[in-house]
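Here is how the chains run, residue by residue.
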Amino acid sequence: MSKVNIAISECLLGHNCRYDGKTKYFPKVELLKEKYNLIPICPEVLGGLPTPRVASEIVGDKVLREDGLDNTLYFMTGAKKALEIYKKNNCKAAILKESSPSCGLNLIHDGTFSGKKIKGMGITCRQFIANGIKIYTEDDIDKLLEEDIDE
Ligand code: SF4
């Protein structure tokens, strides 16, 4: 039986695409690869931002850099391109990195660049949810290894 395609935040796969030039490698993705085809997406890079880049946080209806510059358009473009990749690959779900201003599902930083997190959703995650996509986070990987995704 062919494997189901799932989109995944690229930093979880070990790619150094985070704003600080580092990764958020999650070793259990190696087990996931045995069960699913993982399609990497990094919305911030897809949106045209460099790596490393100045940190951004969601502030109201904008995404602002720590130095105050408005990065909203990059984040919106990245969300659109990530969605195109998702659809082109006929993915059945997405695993997104929690707490990111692009990928976060339940949490984001509070917009003060102090490290404090609040309840909220990243820009790409919002776009995916609006398109009816089932979202998981890295905290759900054990579950995805044990159960099949609901299609
Ligand atoms: S935008 Fe998403 S995939 Fe890219 S580094 Fe941030 S959390 Fe990872």
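First, a word on what this report is: a plain description of the structure on this page. Values in this document were obtained by computation on a predicted structure and should not be read as measured data.

Reading the values: rules and limits
- Residues numbered from 1 in each chain as written.
- Predicted model: local features only at pLDDT ≥ 70, side-chain atom pairs only at ≥ 80, totals over all residues.
- Heavy atoms only, no water.
- Helix = DSSP H or I, 4+ residues; strand = E, 2+ residues; numbered from the N terminus.
- Rg over C-alpha atoms; globule rule 2.2 N^0.38 Å.
- Contact = heavy atoms within 4.5 Å.
- Buried < 20%, exposed > 50% of the residue type's maximum accessible area, 1.4 Å probe, protein only.
- Phe/Tyr/Trp six-rings, centres within 6.5 Å; stacked < 30°, edge-to-face > 60°.
- Lys NZ or Arg CZ within 6 Å of the ring centre and 35° of its normal.
- Near = heavy atom within 4 Å.
- Nonpolar A, V, L, I, M, F, W, Y, C, P; charged D, E, K, R; others polar.
- Core = buried A, V, L, I, M, F, W, Y, C linked by side-chain atoms within 4.5 Å.

## Structural notes on the overall build of the protein
Piece 1. Of the regular secondary structure elements, the protein holds five helices and eight strands.
Piece 2. In sequence order, the protein lays out its α and β elements as β-α-β-α-β-β-α-β-β-β-α-β-α.
Piece 3. Its C-alpha atoms give the protein a radius of gyration of 15 Å, near enough to 15 Å, the size a compact globule of 151 residues would have.
Piece 4. Dimensions of the protein along its principal axes, counting C-alpha atoms only, are 50 × 25 × 25 Å.

## A word on the environment of Ile149
Piece 1. Mapped onto the elements, Ile149 comes out in the segment after helix 5 (141-146).
Piece 2. In the structure, Ile149 is positioned 143 residues away from Ile6 in sequence and 9.7 Å away in space, judged by C-alpha atoms.
Piece 3. Among all residues touching Ile149, those that are not within four sequence positions of it are Val4, Ile6, Tyr36, Lys92, Ala93, Tyr136 and Leu144.

## Points about helix 4 (residues 123-130)
Piece 1. Ile123, Thr124, Cys125 and Phe128 are the residues of helix 4 that are buried.
Piece 2. Gly132, located one to two residues past helix 4, shows a positive phi value of around 75°.

## Concerning the packing of aromatic side chains
Piece 1. Scanning the entire structure with this criterion turns up one aromatic pair.
Piece 2. Positioned above the aromatic ring of Tyr136, the side-chain terminus of Lys134 is 5.3 Å from the ring centre.

## Looking at the site of the ligand
Piece 1. Close contacts around the ligand come from 14 residues, with Glu10, Cys11, Cys42, Glu44 and Cys103 the closest.
Piece 2. Looking at the shell around the ligand residue by residue, the class counts come to six nonpolar, three polar and five charged.

## Some details on the nonpolar core
Piece 1. Among the nonpolar cores identified, the biggest contains 15 residues, and Tyr86, Ala94, Leu96, Phe128, Ile133 and Ile135 are the most heavily contacted of them.
Piece 2. Listing elements by their share of this core, those giving two or more residues are strand 2 (36-41), helix 3 (72-88), strand 5 (94-96) and helix 4.
Piece 3. If one sorts the elements of this core by residue count, helix 3 sits on top with three residues.
Piece 4. Aside from chain neighbours lying at most four places away, what touches Tyr86 is Ala7, Cys91, Lys92, Ala93, Ala94, Phe128 and Ile133.
Piece 5. Core analysis: the next-biggest nonpolar cluster, separate from the first, contains 14 residues, Ile8, Leu12, Leu32 and Ile141 among them.

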